[in-house]
Amino acid sequence: MQPTTRNRARRRVDPALENPQSLEEPQELLPRKRPTQERSQRKFDALLAASRELLTDVGFESFTCEEVAARADVPIGTLYQFFANKYVIVCELNRQDLVGVQHELAQFGGEVPSLDWLRFLNSFVDHMAGLWTSDPSRREVWLAMQSTPSTRATGVIHEKQFAETVAKMLGPLTPRTRRDRRLMMAEVLVHVVYSMLNFSVQDGQSHADAVAELKRLMIAYLLVAEKESRTKD
């Protein structure tokens, strides 16, 4: 049976997909290609740097690929060799942000099994909070990621990848907890941290107070998880 005109009208097209007529399910948005040579890597990096700057200056609604190319001093055709549209660009910026934090977290990883993990948590949350206040593009990227089903789906994939690192770090703290539950706990923590950090830099919001509440949430959650794990039969 063919769908009626009314039913077709109700089906929303995801503007982030390369084919504007596509009615597929949300999918991960990736660059068309990644640079393999130093010269193309410089252009790729310049496009991302210009994108972050433009996003901070004008917001996602006024963000255009043409302006990104102009700011990066790169032909628009070169931009489209890497990125299908602006939605793919912000997804790459989001991935870039999460990978950077993931690497930093891995460097702190050796401290987590210690009895002084609360001090580590306090220090790392302060470090993360500093990134959000010193780099306003992080919030702009996060907001842009909420714009379409595919950007949101891509953000979930990025968070899950980050959560894999966090789950490994939770191992010594929750030694008797099943791996699947530990991974779910890590996904909760990653989502809460990113949501709260973006909340903390909203206009009119007390950043310090929001970060303090985030610490309370995380510490309470992890203390309960630790207790439950260590008292399992």
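Because the structure is a prediction, the values reported are computed rather than measured. (Residues numbered from 1 in each chain as written. Predicted model: local features only at pLDDT ≥ 70, side-chain atom pairs only at ≥ 80, totals over all residues. Heavy atoms only, no water.)

*Asks:* A description of the nonpolar core should follow, citing residues and the corresponding values.
*Replies:* One finds Met128, Phe162, Val166, Leu170 and Tyr194 to be the most contacted residues of the largest nonpolar core, which totals 33 residues. Those elements that provide at least two residues to this core are α5 (86–108), α6 (117–134), α8 (149–170), α9 (179–200) and α10 (207–230). Other than its neighbours up to four places away in sequence, phenylalanine 162 contacts Leu98, Val101, Gln102, Leu105, Val190 and Tyr194. Among the nonpolar cores identified, the runner-up in size contains 29 residues, and Phe83, Val88, Ile89 and Met145 belong to it. (Core = buried A, V, L, I, M, F, W, Y, C linked by side-chain atoms within 4.5 Å. Buried < 20%, exposed > 50% of the residue type's maximum accessible area, 1.4 Å probe, protein only. Helix = DSSP H or I, 4+ residues; strand = E, 2+ residues; numbered from the N terminus. Contact = heavy atoms within 4.5 Å.)

*Asks:* Could you give me a rundown of the packing of aromatic side chains, with the residues and numbers involved?
*Replies:* Applying the stated criterion to the full structure yields seven aromatic pairs. Geometrically, the ring pair formed by phenylalanine 60 and phenylalanine 63 is tilted, given 6.1 Å between the ring centres and 35 degrees between the ring planes. Each member of the pair, phenylalanine 60 together with phenylalanine 63, is buried. Put simply, the rings of Phe44, Phe82 and Phe83 pair up and form one aromatic cluster. A cation sits over an aromatic face here: lysine 86 above tyrosine 87, 5.9 Å from the ring centre. In this structure, arginine 138 is placed above the aromatic ring of tryptophan 132, and the distance from its NZ or CZ to the ring centre is 5.2 Å. (Phe/Tyr/Trp six-rings, centres within 6.5 Å; stacked < 30°, edge-to-face > 60°. Lys NZ or Arg CZ within 6 Å of the ring centre and 35° of its normal.)

*Asks:* Could you give an account of helix α2 (residues 38–58), with specific residues and numbers?
*Replies:* The periodicity of an α-helix, 3.6 residues per turn, causes residues three or four places apart in sequence to face the same way. With 21 residues, α2 should cover 30 Å at 1.5 Å per step; its first-to-last C-alpha distance of 30 Å lies within 8% of that length. Within two residues after α2, glycine 59 carries a phi angle of roughly 80 degrees, on the positive side. (Expected span 1.5 Å × (residues − 1).)

*Asks:* Hey, could you go over the UniProt feature "DNA-binding region" (unreviewed entry) in the protein chain for me, with residue numbers and the actual values?
*Replies:* UniProt tags residues 64–83 as "DNA-binding region" (unreviewed entry). Secondary structure over residues 64–83 splits into 75% helix and 0% strand, and the C-alpha atoms at its two ends are 12 Å apart. (UniProt positions renumbered as here; feature names shortened; annotations may be inferred.)

*Asks:* Can you break down empty space enclosed by the protein residue by residue, with the values?
*Replies:* On inspection of all chains with the given rule, the structure shows three cavities of 30 Å³ or more. Within this model, the largest cavity holds a volume of roughly 330 Å³. Put simply, the parts of the chain that give the lining of the largest cavity at least two residues each are α6, α8, α9 and α10. It is α6 that provides the largest number of residues to the lining of the largest cavity, a total of six residues. Considered class by class, the residues forming the lining of the largest cavity number 19 nonpolar, no polar and no charged. (1 Å grid on protein atoms, 1.4 Å probe; cavity = no way out; pocket = protein on both sides within 12 Å on 5 of 7 lines; lining within 4 Å. Points joined across faces, edges and corners; volume = space filled by probe spheres on them. Nonpolar A, V, L, I, M, F, W, Y, C, P; charged D, E, K, R; others polar.)

*Asks:* Pulling in residues and values, what's your account of α10?
*Replies:* Between its first and last C-alpha atoms α10 spans 35 Å; for 24 residues at 1.5 Å apiece the expected length is 34 Å, and the two agree. Listed in full, the buried residues belonging to α10 are Ala210, Val211, Leu214, Lys215, Met218, Leu222, Ala225, Glu226 and Ser229. Buried-residue contacts for α10 involve α6, α8 and α9.

*Asks:* Could you give an account of the pattern of salt bridges, naming the residues involved and the relevant values?
*Replies:* Within the structure shown, the criterion is met by 15 salt bridges. Of the charged contacts, one joins glutamate 92 and arginine 34 as a salt bridge, the two residues approaching to 2.8 Å between their closest N and O atoms. Here glutamate 92 is found in helix α5, whereas its partner arginine 34 is found in the loop between α1 (5–10) and α2, with 58 residues between them in sequence. Here glutamate 92 falls in the buried class, since its relative accessible area comes to 4%. For arginine 34, a relative accessible area of 37% gives the class partly exposed. Among the ionic pairs, arginine 95 bridges to glutamate 92, the shortest N-O distance being 2.9 Å. Highlighted residues: arginine 95 and glutamate 92, both in helix α5, separated by three residues, approximately one helical turn. When salt bridges with common partners are traced through the structure, they connect Glu53, Asp57, Glu67 and Arg71 into a single cluster. (Salt bridge = Lys/Arg side-chain N within 4 Å of Asp/Glu carboxyl O.)

*Asks:* I'd like a rundown of the environment of leucine 17, residues and numbers included.
*Replies:* When you line up the elements, leucine 17 lands in the loop between α1 and α2. Sequence-wise, leucine 17 and threonine 151 are 134 residues apart; in three dimensions their C-alpha atoms are separated by 9.6 Å.

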